[in-house]
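A closer look at the structure
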Amino acid sequence: MALELLADALEDLDPDEGEVDTAELVVTDDVLVKLFALGPDAELDAHEHADSTNVFHVLDGEVTVVRDDETEAVAAPGVVLHERGDVHGARNETDDVVAFTASLCPLPGSG
């Protein structure tokens, strides 16, 4: 069931160059799993979650992960852990759409 939800969501997201499309896959009282699809040259601005751990799961393509002043290209399948308070973001430096999920736990204000 969860795999069908992911497959359907991936099929529905088709960002153009410079665009970011998103879909919420799981939302509970203490967890959020969000799907991101980045078109070529698109960027998810750097941000932080002071009270939450954030994990990226790279599903398709190669995402350039930004953390503080460092960048690293992470290809699918890849996993990136962002500890609480890490300033992080992502960008697509390829010519293809890239996709990853971001899992946030616990949700801010949930505990």
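How each quantity is defined
- Residue numbering note: each chain is counted from 1, following its sequence as written.
- Under the rules for a predicted model, residues below a pLDDT of 70 receive no local features and side-chain atom pairs below 80 are neither given nor counted, while totals for whole chains, interfaces and linings still include all residues.
- To obtain the side-chain values, all non-hydrogen atoms of the structure were included, while hydrogens and water were left out.
- Under the scheme used here, helices are H or I runs from DSSP no shorter than 4 residues and strands are E runs no shorter than 2 residues, and both carry numbers assigned from the N terminus.
- Our radius of gyration is a C-alpha quantity, and the globule rule it is checked against amounts to 2.2 Å times the number of residues to the power 0.38.
- Throughout this description, buried means an accessible area under 20% of the type-specific maximum (1.4 Å probe, protein chains only), exposed means over 50%, and partly exposed covers the range between.
- We call two residues in contact whenever any of their non-hydrogen atoms come within 4.5 Å of each other.
- Using a 1.4 Å probe, the Shrake-Rupley method yields the accessible areas, and only the shown protein chains count as cover for residues.
- As used throughout, the charge tally considers Lys and Arg to be positive and Asp and Glu to be negative, leaving His and the chain termini uncounted.
- Throughout, a charge is located at the NZ atom of Lys, the CZ atom of Arg, the CG atom of Asp or the CD atom of Glu.
- Among buried residues, those of type Ala, Val, Leu, Ile, Met, Phe, Trp, Tyr and Cys that are joined through side-chain atoms within 4.5 Å constitute a nonpolar core.
- Whether two aromatic rings pair depends on their centres lying within 6.5 Å, for rings of Phe, Tyr and Trp, where Trp uses its six-membered ring; planes under 30 degrees apart make the pair stacked, over 60 edge-to-face, and the rest tilted.
- When a carboxyl oxygen of Asp or Glu is within 4 Å of a side-chain nitrogen of Lys or Arg, the pair counts as a salt bridge.

- Under the annotation held in an unreviewed UniProt entry, the chain carries the name Cupin domain-containing protein and is attributed to Halobaculum roseum.

1. Notes on the overall build of the chain
- Helix and strand counts for the chain come out as one helix and nine strands.
- Walking the chain from its N terminus toward its C terminus, one meets helices and strands in the order α-β-β-β-β-β-β-β-β-β.
- At 13 Å, the chain has a C-alpha radius of gyration in line with the 13 Å of a compact globule built from 111 residues.
- Counting only C-alpha atoms, the chain reaches 40 × 40 × 20 Å along its principal axes.
- Across the 111 residues in the chain, those meeting the buried criterion constitute 38%.
- In the chain, the share of contacts with a sequence separation of at least 24, taken over all contacts with a separation of at least 6, comes to 62%.
- For the chain, the computed accessible surface area is about 6,500 Å², with 46% contributed by carbon and sulfur atoms.
- Mean positive and mean negative side-chain charge positions of the chain (4 and 28 charges, respectively) differ by 9 Å.

2. Side note on the side chain of H82
- Checked against the element boundaries, H82 lands in strand β7 (residues 78-82).
- Among the residues examined, H82 registers a relative accessible area of 0% and is labelled buried.
- Those residues in contact with H82 that sit more than four places away from it in its chain are T53, N54, F56, V65, R67 and H88.

3. Looking at the nonpolar core
- Counting residues in each nonpolar core, the largest one holds 14 residues, and the members touching the most others are F36, L38, F56, V63, V65, A90 and F100.
- Those residues in contact with F36, other than ones at most four positions away along the chain, are V20, D21, T22, L44, V98, A99, F100 and A102.

4. Examining the packing of aromatic side chains
- Scanning the model with the defined rule gives two aromatic pairs in all.
- Considering the side-chain rings of F36 and F100, the 5.3 Å spacing of their centres and the 15 degrees angle between planes classify their relative orientation as stacked. Of this pair, F36 sits in strand β2 (residues 32-38) while F100 sits in strand β9 (residues 98-105); the two residues are 64 residues apart in sequence, bridging distant segments of the chain.
- Residue class for F36 comes out buried when judged on its relative accessible area of 8%.

5. What about the pattern of salt bridges?
- Counted according to the given criterion, the structure contains two salt bridges.
- In this structure, the salt-bridge partner of R67 is D86, at a minimum N-O distance of 4.0 Å. Of this pair, R67 sits in strand β5 (residues 62-67) while D86 sits in the loop between β7 and β8 (88-91), placing them 19 residues apart in sequence.
- Given the relative accessible area of 19%, D86 is considered buried.

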